[in-house]
Amino acid sequence: MMIALNKPLTPDLVKLTSYLAQVNESGWYTNFGPLHEQLTKRLEAYLGVENLLLVSNGTLAIQVACKALNINSAITTPFSFVATTSSLLWQGIDTAFSDIDVSNYNLCPKKLDEALSQDESYDAIVATHVYGNPCDVKGITDIANKYNKKVIYDAAHAFGVKVDGQSVLNFGDASTLSFHATKLFHTVEGGAIIFKNKTNFEIAKQLINFGIQSDGALGSPGINAKLNEYQCAIGLTLLDDIEPVMKRRTLLFNLYVEELKAYVEMPKWHELATKNGAYMPIFIKDEKLQEKIIEALASENIQSRRYFTPSLDIAYNKQKSFGCESSHCISGGVLCLPLHAYITPSDVLKVTDVIKKIIQS
Ligand SMILES: Cc1ncc(COP(=O)(O)O)c(C=O)c1O
């Protein structure tokens, strides 16, 4: 049997049907309906956040957060999923790249400081908590305060993660989540923005509804980025069981780490942060060895994938870069291994055995 890289969490049909029946009965299918309200409140309570706005995907979450915070230029990470950068460029935001920390693959505060000392003109810092591993949020806050910049965290991978006892989503002016089917928690397509400040939340709520104000008058031009009631039903169904799912995935993640730590490099996890088991990245510098491992896994029917590659400063090479050597190195060698709610510890051991054999050979 194939060991898949990822498998979406399947909603329990009995529970889902009861939520869907509520939608059918109410006849309220979208536009901030009762299930939307329930999911918002339950996510705020579960994640330990306020001012959470559900949106239709994680890409629009970044775009709407930027609009609400009036961001026209940003300095960002080259090592992330393409949407972190493409969402900015699509919106005409002047975007530049600053390098990552080679130890954890996240935007490096020291390099950010060097970049901003050369050019202070950017409105904001856009950083990703790559693979759910929190950025050095303290270091980035210090730099943001030093240069008076806004901060948006792309937290698409960081659902449920805490730093020093509090949600990672509470750092920065806004954090964005993706609820795409491949994510730990999902609504098939969907996402959320968590704002530090209620005023920005209110602005964004208007923006995702075409810019229509609460009194019906037209404000700044908006977009349609609302999450509908049927998708909220999926979210509510999955949220009931998300805690054991996250625990299970974290257990599998820890097993991978134990088995592989003597054989391959891995990103260093934030010392004060919890884990969520969203991804299992390993780093293999030697290209030929990496290729051999991918082939050996494939021959055992085990999926693996190289992401994130290419480094986004290379993909978008017309944008300014302050030098992204570490990102080039990491994006060349990173490989993600199967990790989802439906694999077993023995699946993990099968994967790690294949890798160990190749490395020892
Ligand atoms: C880091 C990151 N940012 C943004 C996104 C975009 O989210 P969505 O697919 O919900 O638009 C994703 C994943 O899809 C992601 O992994």
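Structure shown above.
As a starting point, this report considers the structure included with it. Computed from a prediction, not measured in an experiment: that's the story for all the values here.

Taken together, the side chains of F210, I212 and L218 define a hydrophobic patch exposed on the protein surface, amounting to about 300 Å² of accessible area. When you line up the elements, L218 lands in the loop between α7 (198-207) and α8 (229-239). The exposure class assigned to L218 is exposed, which follows from its relative accessible area of 68%.

Right, let's get into the packing of aromatic side chains. The geometry of two aromatic rings is summed up by the distance between their centres and the angle between their planes. Applying the stated criterion across every chain, the model contains 16 aromatic pairs. Considering the side-chain rings of F79 and Y105, the 5.8 Å spacing of their centres and the 85 degrees angle between planes classify their relative orientation as edge-to-face. Here the residue F79 occupies a position in the loop between β2 (73-76) and α4 (83-90), and Y105 occupies one in the loop between β3 (94-97) and α5 (109-118), the gap between them amounting to 26 residues. We classify F79 as buried; its relative accessible area is 0%. When its relative accessible area of 2% is taken as the criterion, Y105 is described as buried. Stacked on the ring of F32, the Lys or Arg K205 has its end atom at 5.0 Å from the ring centre.

Attention now moves to the packing of helix α1 (residues 13-26) against α8. Between α1 and α8, whose axes approach to 9 Å, the crossing angle comes to 150 degrees. What the angle tells us is that α1 and α8 run roughly antiparallel. In this structure, α1 meets α8 at a crossing whose hand is right-handed. Across from K15, L16, Y19, L20, V23 and N24 in α1, the residues of α8 making contact are E229, Y230, A233, I234, L236 and T237. Classifying every residue of the contact of α1 with α8 by side-chain character gives eight nonpolar, two polar and two charged.

In this section: the site of the ligand. Taken together, 15 residues surround the ligand, and among them G58, T59, D154, H157 and S178 come closest. Between an oxygen atom of the ligand and a side-chain N or O atom of T59, the distance comes to 2.5 Å. Within the complex, the protein chains bury 92% of what would otherwise be the 380 Å² of accessible surface of the ligand. In this structure the site holding the ligand corresponds to the largest pocket. Of the residues belonging to the shell around the ligand, the class tally is three nonpolar, 10 polar and two charged.

Quick look at the layout of surface pockets now. Of the volumes computed, that of the largest pocket is approximately 630 Å³. When contributions to the lining of the largest pocket are tallied by element, the ones reaching two or more residues are α3 (58-68), α4, β8 (174-178) and α11 (312-315). Taken together, the residues of the lining of the largest pocket break down into 13 nonpolar, 15 polar and five charged. Counting only domains with at least three residues in the lining of the largest pocket, you end up with domain 1 (13-239) and domain 2 (242-360).

Here we come to the pattern of salt bridges. A full pass over the atoms with the stated rule returns 11 salt bridges. Residue D240 is joined to R42 by a salt bridge in which the shortest nitrogen-to-oxygen separation is 2.8 Å. In this pair, D240 sits in the loop between α8 and α9 (242-260) while R42 sits in helix α2 (residues 34-47), placing the two residues 198 residues apart along the sequence. With a relative accessible area of 32%, D240 lands in the partly exposed category. What makes R42 partly exposed here is its relative accessible area of 29%. Salt bridges sharing partners connect three or more residues here, namely K15, R42 and D240.

What counts, and where the lines are drawn
Residues numbered from 1 in each chain as written. Predicted model: local features only at pLDDT ≥ 70, side-chain atom pairs only at ≥ 80, totals over all residues. Heavy atoms only, no water. Patch = residues over 30% accessible without salt bridge, like charges linked within 9 Å, V, L, I, M, F, W, Y side chains within 5 Å. Areas by Shrake-Rupley, 256 points an atom, 1.4 Å probe, with all protein chains shown as cover. Salt bridge = Lys/Arg side-chain N within 4 Å of Asp/Glu carboxyl O. Helix = DSSP H or I, 4+ residues; strand = E, 2+ residues; numbered from the N terminus. Buried < 20%, exposed > 50% of the residue type's maximum accessible area, 1.4 Å probe, protein only. Phe/Tyr/Trp six-rings, centres within 6.5 Å; stacked < 30°, edge-to-face > 60°. Lys NZ or Arg CZ within 6 Å of the ring centre and 35° of its normal. Axes fitted to C-alpha atoms, helices over the stretch in contact; angles between N-to-C directions. Parallel < 35°, antiparallel > 145°, perpendicular 65-115°, else oblique. Left-handed = near helix turned anticlockwise from the far one by under 90°. Contact = heavy atoms within 4.5 Å. Nonpolar A, V, L, I, M, F, W, Y, C, P; charged D, E, K, R; others polar. Near = heavy atom within 4 Å. Polar contact = N/O pair within 3.5 Å; in protein donor to acceptor, adjacent residues only side chain to side chain. 1 Å grid on protein atoms, 1.4 Å probe; cavity = no way out; pocket = protein on both sides within 12 Å on 5 of 7 lines; lining within 4 Å. Sits in = over half its atoms within 2 Å of the grid points. Points joined across faces, edges and corners; volume = space filled by probe spheres on them. Domains from an automatic or database assignment.

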